[in-house]
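Topology and contacts: notes
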Amino acid sequence: MEVKRIIEILDEKGEVSLETWKAVSVKNNRDGTVDILYRNLHLGSDDDPVFLWIYANVVNDGEEDVRVLERITFKREDLAWILRYVPTKKAGK
């Protein structure tokens, strides 16, 4: 399914309002899922935007459908905070 159609379906289902959120990046995964990153058009600023990440399953069983599996709303500062606690692989290990 085309990325544009996935975004339209999520809007039609009321999962994500395109009046509030703008899709800025989409990653198609090999397992039939997609990661979509949206930016809020009303909240946040250029220096500190508000994002919505959606992880969804694309269903193509004769009828086009997209089912949201997970959603997270966050700000850029939240990513910095999370990354401090994500273990990194040490050299030589």
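Here goes a summary of the coordinates provided. (Residues numbered from 1 in each chain as written. Predicted model: local features only at pLDDT ≥ 70, side-chain atom pairs only at ≥ 80, totals over all residues. Heavy atoms only, no water.)

We now examine the pattern of salt bridges. Counted under the stated rule, the structure contains nine salt bridges. Two residues, Asp65 and Lys13, come together in a salt bridge whose shortest N-O distance is 3.1 Å. One end of the pair, Asp65, is in strand E4 (residues 64-75); the other, Lys13, is in the loop between helix H1 (3-12) and strand E1 (21-28), and 52 residues separate them in sequence. Here Asp65 falls in the buried class, since its relative accessible area comes to 18%. In this structure Lys13 comes out as partly exposed when scored by relative accessible area, which is 42%. (Salt bridge = Lys/Arg side-chain N within 4 Å of Asp/Glu carboxyl O. Helix = DSSP H or I, 4+ residues; strand = E, 2+ residues; numbered from the N terminus. Buried < 20%, exposed > 50% of the residue type's maximum accessible area, 1.4 Å probe, protein only.)

Now for the nonpolar core. Grouped together as the largest cluster of nonpolar side chains are 15 residues, with contacts concentrated most on Ile6 and Tyr38. Listing elements by their share of this core, those giving two or more residues are H1, strand E2 (33-44) and strand E3 (49-60). Excluding anything up to four places from it in sequence, Tyr38 contacts Ile7, Leu10, Val16, Leu18, Trp21, Lys22, Ala23, Val24, Val50, Phe51, Leu52 and Ile54. (Core = buried A, V, L, I, M, F, W, Y, C linked by side-chain atoms within 4.5 Å. Contact = heavy atoms within 4.5 Å.)

This next bit is on the environment of Lys13. Expressed as a C-alpha distance, the spacing of Lys13 and Asp65, which sit 52 residues apart in the sequence, is 9.6 Å. Setting aside its immediate chain neighbours within four residues, Lys13 contacts Asp65, Val66 and Arg67. Here Val66 takes part through its backbone oxygen, which lies 2.7 Å from a polar atom of the side chain of Lys13. (Polar contact = N/O pair within 3.5 Å; in protein donor to acceptor, adjacent residues only side chain to side chain.)

This next bit is on the side chain of Asp48. Along the chain, Asp48 falls in the loop between E2 and E3. A distance of 3.0 Å separates the side chain of Asp48 from the side chain of Lys75, its partner in a polar contact.

Nothing here speaks to function; it is geometry throughout.
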